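Read off the chains here:
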Amino acid sequence: MLKIIIPTIMLMPLTWLSKKNMIWINTTTYSLLISLISLSLLNQPSNNSLNFSLMFFSDPLSAPLLVLTTWLLPLMLMASQHHLSKEPLIRKKLYITMLTMLQTFLIMTFTATELISFYILFEATLVPTLIIITRWGNQTERLNAGLYFLFYTLMGSLPLLIALISIQNLTGSLNFLLIQYWNQALPDSWSNIFLWLACMMAFMVKMPLYGLHLWLPKAHVEAPIAGSMVLAAILLKLGGYGMLRITTMLNPQTSFMAYPFLMLSLWGMIMTSSICLRQTDLKSLIAYSSVSHMALVIVAVLIQTPWSYMGATALMIAHGLTSSMLFCLANSNYERTHSRTMILARGLQTLLPLMAAWWLLASLTNLALPPSINLIGELFVVMSSFSWSNITIILMGANITITALYSLYMLITTQRGKYTHHINSIKPSFTRENALMALHMTPLLLLSLNPKIILGFTY
Amino acid sequence: MNPLIFTTILMTVLLGTMIVMMSSHWLMIWIGFEMNLLAIIPILMKKYNPRTMEASTKYFLTQATASMLLMMAIIINLMHSGQWTITKVFNPTASIIMTSALAMKLGLTPFHFWVPEVTQGISLTSGLILLTWQKLAPMSILYQISPSINLNILLTMAVLSILVGGWGGLNQTQLRKIMAYSSIAHMGWMTAVLAYNPTLTMLNMLIYIMMTLTMFMLFIHSSSTTTLSLSHTWNKTPLTTTLILITLLSMGGLPPLSGFMPKWMIIQELTKNSSIILPTLMAIMALLNLYFYMRLTYSTSLTMFPSTNNMKMKWQFETKRITLLPPLIVMSSLLLPLTPMLSILD
């Protein structure tokens, strides 16, 4: 694992020592190379995990997430070039350093063996993200957004620290590989109910669960493009990954403790999808759609069947790529009109036809069109929740319909129709932007040819 | 002040604390405290104005009361044990009185009211000495009598201190008062684990002193005592703003900075001793502290107040020398990976 971590850390001296006209080229190239190295982890020969050392391991759940993380750094760097072009050199380097630091912590989080190490790195990802949102965001609301983001996550995760330490007292070790073999049922008592809650709330806030999702629209909307991309694609998946890891230790309370959260997720996914239909702010629409997709993942993780775990993993990877691509598309609009209001930039298909093709593909994958991996994820989740309880099919069906509705609403509003007068002088699409969209879309389309690598450890 | 006299007074302060830390006779400890108190009054009053006089008077009155209570506890201990050696306190009454006296000296709730007002009235350098060096002596006595302290009183004072330190600092814009409330909260964390593992108290004290030293050095460097004047540092030395950000986040206890290490160790120790609600409460109330540190970072480093350069330049007559700042910054932010080294402290 050091073959990925050390090069990522060394990206920081690379940025600080690069010349002015080479920083973007250097960092993007080398982060692409690092992502190629991480692709080798996808080759998981056995059902057991690939053990690298005492501290790092990767198994069929964390390997796709790791590849997604490393794939996203060059994309983030490409997306940030435009809005940082007017800044002084030192601030550009600081921004890239923040992104690199965040990347290092994320890689270490996804491959951590010891759960307390996972916790420390999980919290450590907050600091660079906070700095990126509050320092480089564009509106005054970003300060509030940063505070909400930091405090919601910390309030949820401090009880997690205490729960992890008390589990360590009980079992003697928090090494994830050992716990798999030791696993005993938690005795039934009030304090174990609180232990369950303490373990899960951190990840529920991070996912986010419907009632605790207030930080997400603020943070996603106010963050600069790289911040939005990494938040939507990876940081939400940290919550899902944590839940998938920790629910193995929490039986049998999960069978009854999960009900309130299942209800909240099932209801919440419909509510947030409906809110998307009424949004005027493009980034806010994409943010609420993230909440809706993640609610599906929460339902899948809490049901705890092999198919639902497969669906959760596939949905996480698919949503990461799709949501990040939608944010990049919204950002290309924002950079031209400096406004996030959807109706101000209509009819773009006439002006930017190639970008309209990317908008079409992104919206189609967002609404889970076959045969994309979004569909595989959603389908597995819908099927397993149907087997858990037949009535959920109504809610799931309604959600799929409303998702289709708002994705097409977003597509039609921004792309079709007559264009507004004031945007007929926008710059045409840059090659960088087209490359960015292609790099998002290609893994999505190629993975639909071989989805078994993203189906997680229950395949 | 005449340099020779200033040196003598400073040496007396040092000597007083050293006597407290190294004595085994209760009377010598009391003498050490009194030497410390009497010698620090001129240091607190380096500038002669009514505000400093008020602050020094308040400090003197509270600390003298605490010394007298300490003397009473020593005498009761003498009456019940017949000897002056500092081992443990033999009588519960004496233990309670001694704990209250030392809490008054440290600034724990409910004896915390003097800390913000005294810290505000004195200069930044004197405030630095007050909040770091002066805490060493009472804490060393608490460490030595830790087996015989009444657990209820100790934990109540600790939790209340964390609460007061968090809530009291929320409405402050004066930097010295913010540091005072932060000191109250950190003292609360230190005393919470005193009964379980006093080594962690010392660890927390060490890291707290490093972080407070760093903060004060950065404030002295930019000669700023209010949030508004701190927000002008981006104009003069932009690097200082980054250092303020890192140190404040470390004081708030965010991983992966070293301020997280004492909190983590304390939570671990408390949880191992089967108290779960207490560390949860303490950890969540530490978030209040983090809120007003974040507010400081917002005005200092994460936003830039719109102003033209020549409107907000501050008069700076001489370049201030900041001693040892780079090692302090490194130690107050990057020590977390060294946590396994704590096993050498056993």
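Residues numbered from 1 in each chain as written. Chains lettered and ligands numbered in written order. Predicted model: local features only at pLDDT ≥ 70, side-chain atom pairs only at ≥ 80, totals over all residues. Heavy atoms only, no water.

Observations regarding the overall build of chain B
The helix and strand tally for chain B stands at 16 helices and zero strands. A compact globule built from 346 residues would reach a C-alpha radius of gyration of about 20 Å, and chain B, at 20 Å, matches this within 12%. Taken along the three principal axes of its C-alpha coordinates, chain B extends 70 × 50 × 35 Å. Across the 346 residues of chain B, 58% fall into the buried class. Restricting the contact set of chain B to residue pairs at least 6 apart, pairs at least 24 apart contribute 77%. Placing the 17 positive and 6 negative side-chain charges of chain B at their respective mean positions leaves the two points 10 Å apart. (Helix = DSSP H or I, 4+ residues; strand = E, 2+ residues; numbered from the N terminus. Rg over C-alpha atoms; globule rule 2.2 N^0.38 Å. Buried < 20%, exposed > 50% of the residue type's maximum accessible area, 1.4 Å probe, protein only. Contact = heavy atoms within 4.5 Å. Lys, Arg positive; Asp, Glu negative; His and termini not counted. Charge placed at Lys NZ, Arg CZ, Asp CG, Glu CD.)

Some words on the pattern of salt bridges
Residue and element names in this part refer to chain B. On inspection of all chains with the given rule, the structure shows six salt bridges over all chains. A salt bridge links glutamate 54 to lysine 58; its shortest N-O distance comes to 2.9 Å. Pair noted here: glutamate 54 and lysine 58 are both in helix H3 (residues 50-81), with a separation of four residues, about one helical turn. Using a relative accessible area of 36% as the deciding quantity, one classes glutamate 54 as partly exposed. Among the salt bridges present, the one from lysine 58 reaches glutamate 117, with a minimum N-O distance of 2.7 Å. Here lysine 58 is found in helix H3, whereas its partner glutamate 117 is found in helix H5 (residues 114-121), with 59 residues between them in sequence. For lysine 58, a relative accessible area of 28% gives the class partly exposed. The exposure class of glutamate 117 is partly exposed, given its relative accessible area of 33%. (Salt bridge = Lys/Arg side-chain N within 4 Å of Asp/Glu carboxyl O.)

Points about the packing of aromatic side chains
By convention here, two paired aromatic rings are described through the distance between centres and the angle between planes. Residues and elements named next belong to chain A. Applying the stated criterion across every chain yields a total of 19 aromatic pairs over all chains. Pairing phenylalanine 118 with tyrosine 241 gives two aromatic rings, centres 5.9 Å apart and planes at 55°, and the pair type is tilted. With phenylalanine 118 in helix H5 (residues 115-124) and tyrosine 241 in helix H11 (residues 225-246), the pair connects residues that are 123 residues apart, well separated along the chain. Using a relative accessible area of 6% as the deciding quantity, one classes phenylalanine 118 as buried. By relative accessible area, which is 1% here, tyrosine 241 ends up buried. Here the aromatic residues Phe110, Phe118, Phe122, Phe203 and Tyr241 are joined through ring pairs into a cluster of three or more. Sitting over the face of the ring of phenylalanine 122, lysine 206 holds its NZ or CZ atom 5.5 Å from the ring centroid. (Phe/Tyr/Trp six-rings, centres within 6.5 Å; stacked < 30°, edge-to-face > 60°. Lys NZ or Arg CZ within 6 Å of the ring centre and 35° of its normal.)

What about empty space enclosed by the protein?
What the rule picks out here adds up to five cavities of 30 Å³ or more. In this model, the largest cavity occupies a volume close to 140 Å³. Forming the boundary of the largest cavity are 17 residues, of which A:Leu158, B:Gly252, B:Gly253, B:Lys263 and B:Ala283 lie nearest the centre. Mapped by element, the contributors of at least two residues to the lining of the largest cavity are H5 and helix H7 (142-171) of chain A together with helix H14 (260-272) and helix H15 (277-302) of chain B. Here the element with the most residues in the lining of the largest cavity is H15(B); it accounts for four residues. Classifying every residue of the lining of the largest cavity by side-chain character gives 13 nonpolar, two polar and two charged. By volume, the second largest cavity is sized at about 80 Å³. Contributing to the lining of the second largest cavity are B:Phe33, B:Asn36, B:Leu37, B:Tyr59, B:Gln63, B:Lys105, B:Gln134 and B:Pro138. Counting only elements with at least two residues in the lining of the second largest cavity, the list comes to helix H2 (26-44) and H3 of chain B. (1 Å grid on protein atoms, 1.4 Å probe; cavity = no way out; pocket = protein on both sides within 12 Å on 5 of 7 lines; lining within 4 Å. Points joined across faces, edges and corners; volume = space filled by probe spheres on them. Nonpolar A, V, L, I, M, F, W, Y, C, P; charged D, E, K, R; others polar.)

Looking at the interface of chain A and chain B
With 28 residues of chain A in contact, the opposing surface of chain B contributes 26 residues. Viewed at the interface, chain B and chain A are joined by zero salt bridges. Connecting chain A to chain B are three residue pairs in polar contact (both at pLDDT 80 or more). For the side of chain A that touches chain B, the element with the most residues is H7(A), which contributes 16 residues. Classifying every residue of the side of chain A that touches chain B gives 19 nonpolar, five polar and four charged. (Polar contact = N/O pair within 3.5 Å; in protein donor to acceptor, adjacent residues only side chain to side chain.)

Notes on the environment of B:Met304
Relative to the helices and strands, B:Met304 is located in the loop between H15 and helix H16 (325-333). Relative accessible area serves as the criterion here: at 37%, B:Met304 is assigned to the partly exposed category. With 165 residues separating them in the primary sequence, B:Met304 and B:Met139 have C-alpha atoms 40 Å apart. Contact partners of B:Met304, with chain neighbours within four places excluded, come to A:Arg91, A:Arg135 and B:Trp234.

Things to note about helix H12 (residues 254-277) of chain A
Between its first and last C-alpha, H12(A) extends 34 Å over 24 residues, near the 34 Å set by a 1.5 Å rise per residue. A:Pro260 marks where H12(A) bends most, by close to 35°. (Expected span 1.5 Å × (residues − 1). Bend = angle between axes of the 7 residues up to and from the residue.)

Thoughts on the packing of helix H2 (residues 23-38) of chain A against helix H3 (residues 62-80) of chain A
Residues and elements named next belong to chain A. Closest axis-to-axis distance for the H2/H3 pair is 8 Å, and the angle between their directions is 165°. In terms of axis orientation, H2 runs roughly antiparallel to H3. Crossing angle aside, the handedness with which H2 passes H3 is left-handed. On H3, the residues touching Trp24, Thr27, Thr28, Ser31, Leu32, Ile34, Ser35 and Ser38 of H2 are Val67, Thr70, Trp71, Leu73, Pro74, Leu77, Met78 and Ser80. (Axes fitted to C-alpha atoms, helices over the stretch in contact; angles between N-to-C directions. Parallel < 35°, antiparallel > 145°, perpendicular 65-115°, else oblique. Left-handed = near helix turned anticlockwise from the far one by under 90°.)

With respect to the environment of B:Leu345
With respect to the helices and strands, the residue B:Leu345 is situated in the segment after H16. Linking B:Leu345 and B:Phe111, residues 234 residues apart in sequence, is a C-alpha distance of 31 Å.

A look at the UniProt feature "domain: NADH:quinone oxidoreductase/Mrp antiporter transmembrane" (unreviewed entry) in chain B
UniProt's entry tags residues 23-285 of chain B with the feature "domain: NADH:quinone oxidoreductase/Mrp antiporter transmembrane" (unreviewed entry), counted in the numbering of this structure. Spanning residues 23-285 of chain B, this segment combines 75% helix with 0% strand, and its end C-alpha atoms are found 36 Å apart. (UniProt positions renumbered as here; feature names shortened; annotations may be inferred.)

A few points about a nonpolar patch on the surface
Residue and element names in this part refer to chain A. Together, Leu2, Ile6, Ile9 and Met10 give the surface a local cluster of nonpolar side chains, amounting to about 360 Å² of exposed area. Within the secondary structure, methionine 10 is located in helix H1 (residues 2-17). The exposure class of methionine 10 is partly exposed, given its relative accessible area of 47%. (Patch = residues over 30% accessible without salt bridge, like charges linked within 9 Å, V, L, I, M, F, W, Y side chains within 5 Å. Areas by Shrake-Rupley, 256 points an atom, 1.4 Å probe, with all protein chains shown as cover.)

Some points on unusual backbone geometry
All names here are of chain A. Cis rather than trans, the peptide bond between methionine 207 and proline 208 has omega equal to -5°. Here proline 208 is to be found in the loop between helix H9 (190-206) and helix H10 (215-222). Located in the positive-phi region is histidine 338, a residue other than glycine, with phi close to 55°. Along the chain, histidine 338 falls in the loop between helix H14 (306-337) and helix H15 (348-351). For histidine 338, a relative accessible area of 58% gives the class exposed. For alanine 368, which is not glycine, the phi torsion reads 65° and is therefore positive. Mapped onto the elements of the fold, alanine 368 is located in the loop between helix H16 (353-366) and helix H17 (373-388). Judged by its relative accessible area of 8%, alanine 368 is buried.

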